[in-house]
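Breakdown of the fold
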Amino acid sequence: FSMRPVDPVGDLDLIHAWVTQERAAFWGMTDKTPEQVREVYAFLDSLESHHAHLVHHDGAPVAIFQTYDPQHDPVGEAYPVQAGDLGVHLFMAEGPRVPGFTQALLAFALGQVLADPSVRRLVGEPDVLNEKSRARALRLGAEEGPEIDLGWKRARLFFLPREAALS
């Protein structure tokens, strides 16, 4: 696996194709035009608190991994943010998977952010209807938090302590 920052222009066709698929409904962009998707990623690219990365496996793009500082995001208004909290989002592209692929991808992505010792806890907020994502968070050792209303979605907070993520 490798990871690099998203290029809002150069990666636009790929990302637009991914996020507008029906299976990407929880990503909230299925109705977006290419220009709207470019604007979203250009805006993220302009922020110091939010980062979008394209993850590759054997040279082929397989996922978008986003991180954010909850203190600078609407999620941070829904719970008491702690020092060392880092929000994460993962979108996996459609494609054939071998057993263990998702686990290996998650281990890679989490390892990248946890290389920073100041990250003490990962925060996720999957849509309450996204049962796959919620179940995956629990399997990783995340603690379930409250249900929150973000305006554009009802989400369930999850908190993954550094120690659990590294085990």
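Higher on the page you've got the structure.
Residues numbered from 1 in each chain as written. Predicted model: local features only at pLDDT ≥ 70, side-chain atom pairs only at ≥ 80, totals over all residues. Heavy atoms only, no water.

**Focus: unusual backbone geometry**
With a phi close to 50°, D58 is a non-glycine residue in the positive phi region. By secondary structure assignment, the location of D58 is in the loop between β2 (50-57) and β3 (60-68). Relative accessible area serves as the criterion here: at 73%, D58 is assigned to the exposed category. (Helix = DSSP H or I, 4+ residues; strand = E, 2+ residues; numbered from the N terminus. Buried < 20%, exposed > 50% of the residue type's maximum accessible area, 1.4 Å probe, protein only.)

**Regarding the packing of helix α1 (residues 12-19) against helix α2 (residues 34-46)**
Viewed as axis vectors pointing N to C, α1 and α2 meet at an angle of 105°, and their least axial separation amounts to 10 Å. Relative to α2, the element α1 lies roughly perpendicular. Contact residues: L12, I15, H16 and V19 in α1; P34, V37, R38 and Y41 in α2. (Axes fitted to C-alpha atoms, helices over the stretch in contact; angles between N-to-C directions. Parallel < 35°, antiparallel > 145°, perpendicular 65-115°, else oblique. Contact = heavy atoms within 4.5 Å.)

**Details of the sheet that holds β2**
The mixed open sheet is built from seven strands, whose spatial order is β1-β2-β3-β4-β5-β7-β6. Both outer strands of the open sheet, β1 (2-5) and β6 (143-149), are each paired with one neighbouring strand and no more. Going across the sheet, the axis of each strand differs from the next one's by a mean of 30°, ignoring polarity. Alignment of strand β5 (residues 121-124) against strand β7 (residues 154-161), held across four bridges, turns out to be antiparallel. Following the sheet pairing, V123 is matched in β7 by F159. Against the sheet, α1 contacts β2, β3 and β4 (85-92), and its axis sits at roughly 80° relative to β3. (Pairing = 2+ DSSP bridges.)

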